[in-house]
Amino acid sequence: HVQLMESGGGSVQPGRSVRLSCSLDGDRRVAICVGWFRQAPGKEREGVASISRDGGRSAYADSVQGRFTISQDNAKHTVYLQLNSLKPEDPAMYYCAASATVSCIGVERPSEQYYEKYWGEGTQVTVSS
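A brief report on the enclosed structure follows. (Residues numbered from 1 in each chain as written. Predicted model: local features only at pLDDT ≥ 70, side-chain atom pairs only at ≥ 80, totals over all residues. Heavy atoms only, no water.)

### Considering the overall build of the chain
Then comes step 1: A tally of regular secondary structure across the chain gives 0 helices and 11 strands.
Then comes step 2: Each helix and strand of the chain, ordered N terminal to C terminal, gives the series β-β-β-β-β-β-β-β-β-β-β.
Then comes step 3: Against the compact-globule benchmark of 14 Å for 129 residues, the chain has a radius of gyration of 13 Å, which places it among compact chains.
Then comes step 4: Principal-axis analysis of the C-alpha atoms places the extent of the chain at approximately 40 × 25 × 25 Å.
Then comes step 5: A burial count over the chain gives 43% of its 129 residues as buried.
Then comes step 6: Restricting to contacts in the chain with at least 6 residues of sequence separation, those with at least 24 account for 60%.
Then comes step 7: Summing over all exposed atoms, the chain offers an accessible surface of approximately 6,700 Å²; the carbon and sulfur share of this is 43%.
Then comes step 8: When the 14 basic and 14 acidic side-chain charges of the chain are each reduced to a single mean position, those positions are 5 Å apart. (Helix = DSSP H or I, 4+ residues; strand = E, 2+ residues; numbered from the N terminus. Rg over C-alpha atoms; globule rule 2.2 N^0.38 Å. Buried < 20%, exposed > 50% of the residue type's maximum accessible area, 1.4 Å probe, protein only. Contact = heavy atoms within 4.5 Å. Areas by Shrake-Rupley, 256 points an atom, 1.4 Å probe, with all protein chains shown as cover. Lys, Arg positive; Asp, Glu negative; His and termini not counted. Charge placed at Lys NZ, Arg CZ, Asp CG, Glu CD.)

And the structure:
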């Protein structure tokens, strides 16, 4: 099994930036892709970004395209999500998840259907002036 742990959340001013980290531990070979998802109170969880660990193919939700960037440092077994130009709709609990299926590669949008089993506990991002 692979374990995931998020860090880096906090309170950020509107328009500012924050970087989230997702560290992978355990059997990292299981993780073919890593995705970031978020859930705001009263809303369904949505995909934000995903990246294939071998090749670095990325996908983004339309709502964050051009503002958020997913990247990875395989030597550190860590996947990052850079959040820029934060908007009022961005505050949420942000989760990272690992997909064990090759179907996660090459998607146009990050989809939770490929991330059934391996999830972190989340890190909270709030936007406050």
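That was the structure; now back to the text.
### Observations concerning the sheet that holds strand β3 (residues 18-26)
Then comes step 1: Pairing within the open sheet is antiparallel, and its 4 strands lie in the order β1-β3-β8-β7. Each of the sheet's edge strands pairs with one partner strand only, and the pair in question is β1 (2-7) and β7 (68-73). Strand after strand, the sheet turns through a mean of 20 degrees between neighbouring axes, direction not considered. (Pairing = 2+ DSSP bridges. Axes fitted to C-alpha atoms, helices over the stretch in contact; angles between N-to-C directions.)

### Side note on the pairing of strand β9 (residues 92-99)
Then comes step 1: Among the 8 residues that make up β9, 7 are buried, leaving the element largely enclosed by the rest of the structure.
Then comes step 2: Relative to β9, strand β4 (residues 33-39) runs antiparallel, the two being bridged by 7 bridges. Paired with F37 across the two strands is Y95, which belongs to β9.
Then comes step 3: Direction of pairing for β9 relative to strand β11 (residues 123-127): antiparallel, over a ladder of 3 bridges. Opposite M93, over in β11, you have Q124 as the bridge partner.
Then comes step 4: Sheet topology places β9 next to strand β10 (residues 118-119); 2 bridges connect them, and they run antiparallel. Paired with A98 across the two strands is Y118, which belongs to β10.

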